[in-house]
Amino acid sequence: MHSYTVMFRPYLFQLAEQYRIKQRYTQERMAACLHMTARNYNRLKNEEYTFSAAALVLLLALLSDDEVLQFLRVMRNVTAQEPYNS
């Protein structure tokens, strides 16, 4: 698995969980918002599964503009520290 996929996985799940909790959604409802099964959403938590490009876009579409920008800033910092970035 590409190092970026592994590196992004916890950040993406944290972002999804923060949104889920803020909205008071069940894991099943959050999974439905991301067009995935509840089982796969649980697998995200256990780092056995990763976001597809479509699920990432759906997650970002749920967020406010400020939340998306904050997420992109975090990802920019994370990738800048990645040794394979050179």
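For the structure itself, look to the data block above.
Residues numbered from 1 in each chain as written. Predicted model: local features only at pLDDT ≥ 70, side-chain atom pairs only at ≥ 80, totals over all residues. Heavy atoms only, no water.

### Structural notes on the pattern of salt bridges
Consideration 1: Throughout the structure, instances matching the rule amount to three salt bridges.
Consideration 2: A salt bridge links Arg43 to Glu48, with the nearest nitrogen and oxygen atoms 3.9 Å apart. (Salt bridge = Lys/Arg side-chain N within 4 Å of Asp/Glu carboxyl O.)

### Here's the deal with the packing of aromatic side chains
Consideration 1: All told, the structure shown has two aromatic pairs when counted by the stated rule.
Consideration 2: A ring pair is formed by Phe13 and Tyr41, whose centres lie 5.5 Å apart and whose planes are at 50°; its orientation type is tilted. In this pair, Phe13 is assigned in helix α1 (residues 3–23) and Tyr41 in helix α3 (residues 38–45), connecting sequence segments 28 residues apart. Neither residue differs from the other here; Phe13 and Tyr41 are each classed as buried.
Consideration 3: Here the aromatic rings of Tyr19 and Tyr25 are separated by 5.9 Å at their centres, their planes lie at 75°, and the arrangement is edge-to-face. For the pair formed by Tyr19 and Tyr25, the shared burial category is buried. (Phe/Tyr/Trp six-rings, centres within 6.5 Å; stacked < 30°, edge-to-face > 60°. Helix = DSSP H or I, 4+ residues; strand = E, 2+ residues; numbered from the N terminus. Buried < 20%, exposed > 50% of the residue type's maximum accessible area, 1.4 Å probe, protein only.)

What is shown is where atoms sit, not what they do.
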